[in-house]
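Here are the chains, one letter per residue:
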2 protein chains.
Amino acid sequence: MDNSETVPEINAEQRILDAARRVFTRKGFDGARMQEIADEAGINKALVHYYYRSKEKLFSEIFREAFSTMLPAIAHVFMGQGAIGQKIELFVEKYLSIVLQNPFIPLFVLNEMHRSPETFFNEFIPPDLKIRIKGVIAMFTNAAQKGEIADIDPRHLMINIMALCVFPFVARPMLQRMLDISDPEFEKVLAERKQVVSQFILNAIMIKN
Amino acid sequence: MDNSETVPEINAEQRILDAARRVFTRKGFDGARMQEIADEAGINKALVHYYYRSKEKLFSEIFREAFSTMLPAIAHVFMGQGAIGQKIELFVEKYLSIVLQNPFIPLFVLNEMHRSPETFFNEFIPPDLKIRIKGVIAMFTNAAQKGEIADIDPRHLMINIMALCVFPFVARPMLQRMLDISDPEFEKVLAERKQVVSQFILNAIMIKN
DNA sequence: GTCTATAGTTAGATAGAC
DNA sequence: GTCTATCTAACTATAGAC
């Protein structure tokens, strides 16, 4: 052991990033304090500025990371070779897996894109995202024309799928109180949604014969 | 004309309230500034404190008003005498009507209940709300037992209905960019949702014969 | 009731020692 | 690289004139 440090576990730069992630997702940009980030990182406030210059820049790092976490799910829709129903199931499964591991990201992203929409779109939306979306829309339209799914506006279908995946995470405090259930019980409900949401969507759009 | 004022339109107290509603729903509690509220009300900052003592108290007024706007829809579910399907249609219709007229309230409420959950539940949730929710849950359970709707956990059904109603309003900036549509076009999509959401839900849960 | 002026506090950011 | 001390600006809130 040639290391005389008092167990900093990892370098300061990374600790700041970890602390900032927690504080920003908890409090939002306006509610977060550089002091609180420094405290959670176990270092001095000046050091936060040393590594990341400004609150805005540090926030950008965190937001970029958070937003990009949500993107792979969309790409996934294309992967599957199967029928439209299987692709939707795959998307829901993948998307909910990611959100379950990062339950604070959805509200965090929703808020930032309201706070400064221009920055959000110019800086964080990858150029190919719109193309991918168009592909998904085309896939839905195609499936409807071939009679594989019911006749629904593909834009509404996309909104509905995202809504069913995301909503319980952004509305958790209210839902949990309204339904009067405990923390572990709500976790169980969330875990059930992979199955429930897929089933719900497929029931809604698959042609009944 | 015995009034020598320069068209204040209405008393200062009300103008402050109107300005505060706009600023708080736009920026949230942490992002809002008393100065900005005073400016939008066209009066001095000191006057805001004269009428509402503190930022917290002013915010409470606004939040109470916003949250109570969303409540009548839930009560409405009981009104209908019809079948479960009609009651759901009535709820969606009523709920979306309210949100369409107050598109900023959902995200505003979601954020505040994350910011200080304790205050939210102790101060703003009416005591009878949980009872009403239990009634709705029982209604769903009953309908499922009688075979009127598919076998779905009533809690998930309630989450799904709320999700489909609320989500496009809280995610509007992202959805609009992702789908690459203009403001009036998105308004049209929102207006369509009364029909679309009802149909989607009923397709998902009504027993096919 | 409405204003100006300012108190009191806290935030983000920097200077400079080590 | 990490700290203490401090600057500057912005915020909420109040005092006091009118």
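One can find the structure itself at the top, above this paragraph.
Nothing here was measured: the structure is a model prediction, and the numbers come from that model. (Residues numbered from 1 in each chain as written. Chains lettered and ligands numbered in written order. Predicted model: local features only at pLDDT ≥ 70, side-chain atom pairs only at ≥ 80, totals over all residues. Heavy atoms only, no water.)

*Asks:* Just checking my understanding: could you explain the protein's contact with DNA strand C for this structure?
*Replies:* Not every one of the 15 residues close to DNA strand C is listed here, only the nearest: Arg33, Met34 and Lys55 of chain A together with Asn44 and Tyr51 of chain B. Restricting the count to atoms of DNA strand C within 4 Å of the protein gives a sugar and phosphate share of 65%. Contact between DNA strand C and His49 of chain A: a phosphate oxygen at 3.1 Å from a side-chain N or O atom of the residue. One of the side-chain N or O atoms of Asn44 of chain B is found 2.9 Å from a phosphate oxygen in DNA strand C. Broken down by element, the surface near DNA strand C gets its largest block of residues, four residues, from helix H3 (residues 45-52) of chain B. Along the lines of polarity and charge, the residues of the surface near DNA strand C split into nine nonpolar, three polar and three charged. (Near = heavy atom within 4 Å. Polar contact = N/O pair within 3.5 Å; in protein donor to acceptor, adjacent residues only side chain to side chain. Helix = DSSP H or I, 4+ residues; strand = E, 2+ residues; numbered from the N terminus. Nonpolar A, V, L, I, M, F, W, Y, C, P; charged D, E, K, R; others polar.)

*Asks:* Looking at this structure, how should I read the protein's contact with DNA strand D?
*Replies:* The environment of DNA strand D is made up of 16 residues, and the closest members are Asn44 and Tyr51 of chain A together with Arg33, Lys45 and Lys55 of chain B. Of what DNA strand D places within 4 Å of the protein, 62% of the atoms are sugar or phosphate. Between DNA strand D and Lys45 of chain B there is a distance of 3.2 Å, counted from a base nitrogen to a side-chain nitrogen or oxygen. In the environment of DNA strand D, a phosphate oxygen lies 2.7 Å from a nitrogen or oxygen atom belonging to the backbone of Lys55 of chain B.

*Asks:* Whenever I open this one, the relation of the copies chain A and chain B confuses me. Can you help?
*Replies:* In this structure, two copies of a chain are linked by a rotation about an axis accompanied by a shift along it. When chain A is fitted onto chain B, the two copies agree to an RMSD of 0.0 Å after a turn of 180° and an axial shift of 0.0 Å. Classification of the inter-copy transformation places it as that of a two-fold axis. Every residue of chain A has its C-alpha some distance from the rotation axis, and the shortest such distance is that of Ala204 of chain A, at 2.0 Å. Of the interface residues in chain A, 100% have counterparts in chain B that sit at the interface too, so the contact is made through matching surfaces. (Least-squares fit on C-alpha atoms with pLDDT ≥ 70 in both. Contact = heavy atoms within 4.5 Å.)

*Asks:* Which parts of the structure should I look at to understand the environment of Phe167 of chain A?
*Replies:* Mapping Phe167 of chain A onto the fold places it in helix H10 (residues 154-170). A residue is classified by how much of its surface remains accessible, and Phe167 of chain A, at 3% relative accessible area, is buried. Sequence spacing of Phe167 of chain A and Ile43 of chain A is 124 residues, and the spatial spacing of their C-alpha atoms is 36 Å. Setting aside residues up to four positions removed in sequence, Phe167 of chain A forms contacts with Leu175 of chain A together with Ile159, Met162, Ala163 and Val166 of chain B. (Buried < 20%, exposed > 50% of the residue type's maximum accessible area, 1.4 Å probe, protein only.)

*Asks:* Even after reading the chapter, I still don't get the environment of Glu13 of chain A, so can you show me in this structure?
*Replies:* You can see Glu13 of chain A is positioned in helix H1 (residues 12-31). Discounting residues that sit within four places of it in the chain, Glu13 of chain A has contacts with Tyr51 and Tyr52 of chain A.

*Asks:* Can you walk me through the packing of aromatic side chains in this structure?
*Replies:* The geometry of an aromatic ring pair is captured by two quantities: the separation of the ring centres and the angle between the planes. Residues and elements named next belong to chain A. Inspection of the entire model under this criterion finds 27 aromatic pairs over all chains. Ring centres 6.3 Å apart and planes at 5° place the aromatic pair Phe24 and Phe29 in the stacked group. Across this residue pair, the class does not change: Phe24 and Phe29 are buried. Seen from their ring centres, Phe63 and Phe67 are 6.0 Å apart, and the 10° between their planes marks the pair as stacked. Taken together, the positions of Phe63 and Phe67, both in helix H4 (residues 55-70) and four residues apart, correspond to about one turn of that helix. (Phe/Tyr/Trp six-rings, centres within 6.5 Å; stacked < 30°, edge-to-face > 60°.)

*Asks:* When you look at the pattern of salt bridges in this model, what are you seeing that I'm missing?
*Replies:* Pairs can form between side chains of opposite charge whenever their charged atoms are close. Per the stated rule, a full pass over the model turns up 35 salt bridges over all chains. Its salt-bridge partner being Lys130 of chain B, residue Asp180 of chain A comes within 3.6 Å of it at the nearest N-O pair. Of this pair, Asp180 of chain A sits in the loop between helix H11 (172-178) and helix H12 (183-205) while Lys130 of chain B sits in helix H9 (residues 129-145), which puts the two residues in different chains. Asp180 of chain A sits in the partly exposed class, given a relative accessible area of 43%. Here Lys130 of chain B falls in the partly exposed class, since its relative accessible area comes to 37%. One salt bridge in this structure joins Lys146 of chain B and Glu148 of chain B, with 3.6 Å as the shortest N-O distance. One network of salt bridges, with partners in common, ties together Arg22, Arg26, Lys27, Glu36 and Glu40 of chain A. (Salt bridge = Lys/Arg side-chain N within 4 Å of Asp/Glu carboxyl O.)

Coordinates in, geometry out; function isn't part of it.
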